Amino acid sequence: MMVLISRLFQVFFLLIFLSGYQAFAQSSASVQVEDYVILKNGRRFDGTVMRKLGQLDFEQIEFLRRGETEIYTPEDIQAFGLGTGEYFRSMDLPSTPVKRFVQVFYAGEVILGKDHENFYAGSEGDMKLLTGKSEPDGKGTEKSYKLTLSKLLAGDCLRRVSGQIRSSKLNEDDLVWLFRKYYDCKGGDFTFYGKARPPYLLSPIVRVGVFESGIKSHIKNGDRKDVLNSSPLIQGYAGLSIHSLRRYPRFSADAGLSFESSQLTWESQYVGSSIKVTGTEEMSHSFISLPFLINYSLFKTRKKDFFVGLGAGYGISLSNSDFAIQEELVTYSDRILLEEGSFTTIRSGGFFYQAQAGFLVNLPSERALTFSVLFRQLGDYYVVKAGTNTANYHKLDFGFGVGFRF
């Protein structure tokens, strides 16, 4: 069985290598028609904007087209766009002496944009900085950005959105929603760039895993030898994955319910000064757990995501001794004592630690396949007695899982 597991891991890592090579080799081609720049003369060129994962602030851009790279500043081009829908325009802002790449959410009679952590609204040549400072409004004080928005959105539709202006916060979600309502009312010529992305996505996920189970001694005294033989541990998992976090795109988390079962055989031996005890026990074992993992993307493209994860969980064990016998030999006599009955105790429940590494392949319609190597440790899980001698062992599980994210 260990040979089979070893072969599976060799194939798994070969797949990671080949997929990683393919991702690097094809990443430019896969996004070449999605990112673009618009020159000052209005000409558009498709290519790839080289950027970090989740990057939406740019002092300049490095643009890859037909194998050649150009560097553009806000003074060099009119605008550029990303394949994920974001659009950036070169604009003059009141807070800076030079043009900036402003991420534009809405373009129309009134523009809504963002530069780093600052939001702006207004017309092409007269953008206003939206700030959270308080200003007098004739009835007391009000946030400056709410007064600015009330002036910019004045007209027939102000009554429709005035309540939202008063309740809005100075963040992307509230401002985009406000402008959406405004332009739904006003109509006319306007453009919304990008998708109304939620703060995160929550998706069901299922996984099947095959594990090899082992032990690590924690407390063992005297001349003691214990061997655990386990059938392949098959685990089924169903849960939820929170991913595509807008503010922290490299992070995701999984939580769910897992069930697994296996057959265990213990071979135990203890040699004392005047006694030798050997024993065999066969057990049926099941484990129900609630695992939780936090994952971090090491390398991510639009099609693949290579990640590592750390987590913990709580589980409950169910075990039954099918057969158990111990033989006790007194070394200075010919007396042999046979005793039937379980000599292994499995912890009924408790916390465990786990880790994983793997890659995810994105499929159409927001679905994905996952392939991962998994490790888990349950402390002081087994207590094995040989006569009056007791040994404690940690449970170590190492396996391979294939999952599907809906």
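Worth saying up front: this structure is predicted, and the values here are computed from it rather than measured.

S.K.: Where do I start with the overall build of the chain in this structure?
M.R.: In terms of regular secondary structure, the chain is built from 4 helices and 24 strands. Its C-alpha radius of gyration of 31 Å places the chain more than 25% over the 22 Å reference for a compact globule of 406 residues. In terms of overall dimensions, the chain has C-alpha extents of about 105 × 60 × 35 Å along its principal axes. For the chain, buried positions account for 39% of its 406 residues. Residue pairs at least 24 apart in sequence account for 63% of intrachain contacts in the chain once pairs closer than 6 positions are excluded. Surface accessibility of the chain: about 21900 Å² in total, with carbon and sulfur atoms responsible for 55%. One finds the centroid of the 47 positive side-chain charges in the chain at a distance of 6 Å from the centroid of its 44 negative side-chain charges.

S.K.: Explain the environment of Glu339 here, please?
M.R.: When you line up the elements, Glu339 lands in strand S20 (residues 336–340). Once the C-alpha coordinates of Glu339 and Gly401 are considered, the two residues, 62 residues apart in sequence, prove to be 41 Å apart. With residues up to four places along the chain from it excluded, the contact list for Glu339 reads Ala324, Ile325 and Gln326.

S.K.: I keep staring at the nonpolar core and nothing clicks. Help me out?
M.R.: Proteins that are soluble and globular tend to have nonpolar side chains buried together. Counting 19 residues, the largest nonpolar core has Leu149, Leu153 and Phe179 as the members making the most contacts within it. Put simply, the parts of the chain that give this core at least two residues each are strand S7 (100–107), strand S9 (118–123), helix H2 (144–152), helix H3 (158–167) and helix H4 (172–186). Looking at this core element by element, the count peaks at 6 residues for H4. The contact partners of Phe179, leaving out residues within four places of it in the chain, are Tyr106, Val110, Ile111, Leu112, Ala121, Leu149 and Leu153. Core analysis: the next-biggest nonpolar cluster, separate from the first, contains 15 residues, Leu228, Met283, Tyr382 and Val384 among them.

S.K.: Can you walk me through the environment of Trp266 in this structure?
M.R.: Following the sequence through the fold, Trp266 ends up in strand S17 (residues 251–271). Linking Trp266 and His243, residues 23 residues apart in sequence, is a C-alpha distance of 42 Å.

S.K.: What exactly am I supposed to notice about the pattern of salt bridges here?
M.R.: A side chain of one charge can pair with a side chain of the opposite charge if their charged atoms are brought near each other. Inspection of every chain in the model, using the stated rule, returns 12 salt bridges. Asp35 serves as the salt-bridge partner of Arg51, at 3.0 Å between the closest nitrogen and oxygen. Taken as a pair, Arg51 in the loop between strand S2 (44–50) and strand S3 (61–65) and Asp35 in strand S1 (residues 35–39) lie far apart in primary sequence, 16 residues in all. Judged by its relative accessible area of 29%, Arg51 is partly exposed. With relative accessibility at 0%, the residue Asp35 sits in the buried group. Across the pair Arg89 and Glu124 runs a salt bridge, and its minimum N-O distance is 2.7 Å. With a gap of 35 residues between them, Arg89 in strand S6 (residues 87–91) and Glu124 in the loop between S9 and strand S10 (126–130) connect regions that are remote in the sequence.

Conventions used here
Residues numbered from 1 in each chain as written. Predicted model: local features only at pLDDT ≥ 70, side-chain atom pairs only at ≥ 80, totals over all residues. Heavy atoms only, no water. Helix = DSSP H or I, 4+ residues; strand = E, 2+ residues; numbered from the N terminus. Rg over C-alpha atoms; globule rule 2.2 N^0.38 Å. Buried < 20%, exposed > 50% of the residue type's maximum accessible area, 1.4 Å probe, protein only. Contact = heavy atoms within 4.5 Å. Areas by Shrake-Rupley, 256 points an atom, 1.4 Å probe, with all protein chains shown as cover. Lys, Arg positive; Asp, Glu negative; His and termini not counted. Charge placed at Lys NZ, Arg CZ, Asp CG, Glu CD. Core = buried A, V, L, I, M, F, W, Y, C linked by side-chain atoms within 4.5 Å. Salt bridge = Lys/Arg side-chain N within 4 Å of Asp/Glu carboxyl O.

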